[in-house]
Amino acid sequence: MRAPALWLLLAVLVLPGCSKGIDSAKAEKFIKTTVAKQVGADVESVECPSGLTAKKGESFTCTVAGADGSSGKMTVTESDDQGHVKVSAPFIHVRELEASIASDLAEQVGSQVKLSCPEIITGDKGGTFSCAARSGSDKATVAVTQTDDRGHVRFKLVR
């Protein structure tokens, strides 16, 4: 089973006026909007370091937090000395993952299944997480194991 992982490679201009610094507030807002849109996650916040000077080749880490408390780290690499950056966010598209697993479970149990997984899931081979499953009044947990860092998973229904 596969849910696409998000690998953002975007160029963004984040300059605070004349000094060639990284505008962390602008970067955080951009990252929050982009990750929410492309991953389908409910993003609560993004935290990046402040006071960074734009320098080609330098990188820094930002933390993306989901509304449910899940979080993941992403790398921001400065592509020039002017504040342009590339963002690499190895997050799995959570809504597609939920739909895929729910569809497979529905076939197994013979009724519609609603699944709720963590909002922020970092693609990590061997990584594990749990999702809550509901079919009518029945509730269960789904144990999910990532088979690679690109969104391929296997899962097991735990009653």
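See the structure above.
Conventions and cut-offs
Residues numbered from 1 in each chain as written. Predicted model: local features only at pLDDT ≥ 70, side-chain atom pairs only at ≥ 80, totals over all residues. Heavy atoms only, no water. Helix = DSSP H or I, 4+ residues; strand = E, 2+ residues; numbered from the N terminus. Buried < 20%, exposed > 50% of the residue type's maximum accessible area, 1.4 Å probe, protein only. Contact = heavy atoms within 4.5 Å. Areas by Shrake-Rupley, 256 points an atom, 1.4 Å probe, with all protein chains shown as cover. Salt bridge = Lys/Arg side-chain N within 4 Å of Asp/Glu carboxyl O. 1 Å grid on protein atoms, 1.4 Å probe; cavity = no way out; pocket = protein on both sides within 12 Å on 5 of 7 lines; lining within 4 Å. Points joined across faces, edges and corners; volume = space filled by probe spheres on them. Nonpolar A, V, L, I, M, F, W, Y, C, P; charged D, E, K, R; others polar. Lys, Arg positive; Asp, Glu negative; His and termini not counted. Polar contact = N/O pair within 3.5 Å; in protein donor to acceptor, adjacent residues only side chain to side chain.

1. Concerning the overall build of the protein
- Broken down by element type, the protein carries 2 helices and 11 strands.
- Mapped in sequence order, the helices and strands of the protein form the string β-β-α-β-β-β-β-β-α-β-β-β-β.
- Looking at the 159 residues of the protein, the share that counts as buried comes to 40%.
- Put simply, of all contacts in the protein between residues at least 6 apart along the chain, 49% involve residues at least 24 apart.
- For the protein, the accessible surface area stands at approximately 8400 Å², while carbon and sulfur atoms represent 48% of it.

2. Observations concerning the pattern of salt bridges
- A complete count under the given rule lists 2 salt bridges for this structure.
- A salt bridge links Glu-98 to Arg-95, with the shortest nitrogen-to-oxygen separation between them at 3.0 Å. Linking Glu-98 with Arg-95, this pair stays in helix H2 (residues 94-109), spanning 3 residues, or about one helical turn.
- Classification of Glu-98 as buried rests on a relative accessible area of 10%.
- Notably, a salt bridge pairs Arg-95 with Glu-119, separated by 2.5 Å at the nearest N-O pair. Of this pair, Arg-95 sits in helix H2 while Glu-119 is found in the loop between strand E8 (114-116) and strand E9 (128-135), placing the two residues 24 residues apart along the sequence.
- A residue is classified by how much of its surface remains accessible, and Arg-95, at 31% relative accessible area, is partly exposed.
- Under the relative-accessibility criterion, Glu-119 is labelled buried at 12%.
- Beyond isolated ion pairs, a larger network of salt bridges with shared partners links Arg-95, Glu-98 and Glu-119.

3. Description of the layout of surface pockets
- Estimated volume of the largest pocket: approximately 180 Å³.
- Lining the largest pocket we find Leu-105, Val-109, Ser-111, Val-113, Ala-133, Arg-134, Ser-135, Asp-138, Lys-139, Ala-140, Leu-157 and Arg-159.
- Residue assignment for the lining of the largest pocket shows that the elements contributing at least two residues are H2, E9 and strand E10 (138-146).
- When the residues that make up the lining of the largest pocket are grouped by side-chain class, the tally is 6 nonpolar, 2 polar and 4 charged.

4. A word on the side chain of Asp-80
- The topology assignment puts Asp-80 in the loop between strand E5 (71-78) and strand E6 (84-88).
- Summary of buried charges: Asp-80 has no salt-bridge partner, and the nearest side chain of opposite charge, Lys-56, is 8.1 Å away.
- Here Gln-82 takes part through its backbone nitrogen, which lies 2.8 Å from a polar atom of the side chain of Asp-80.

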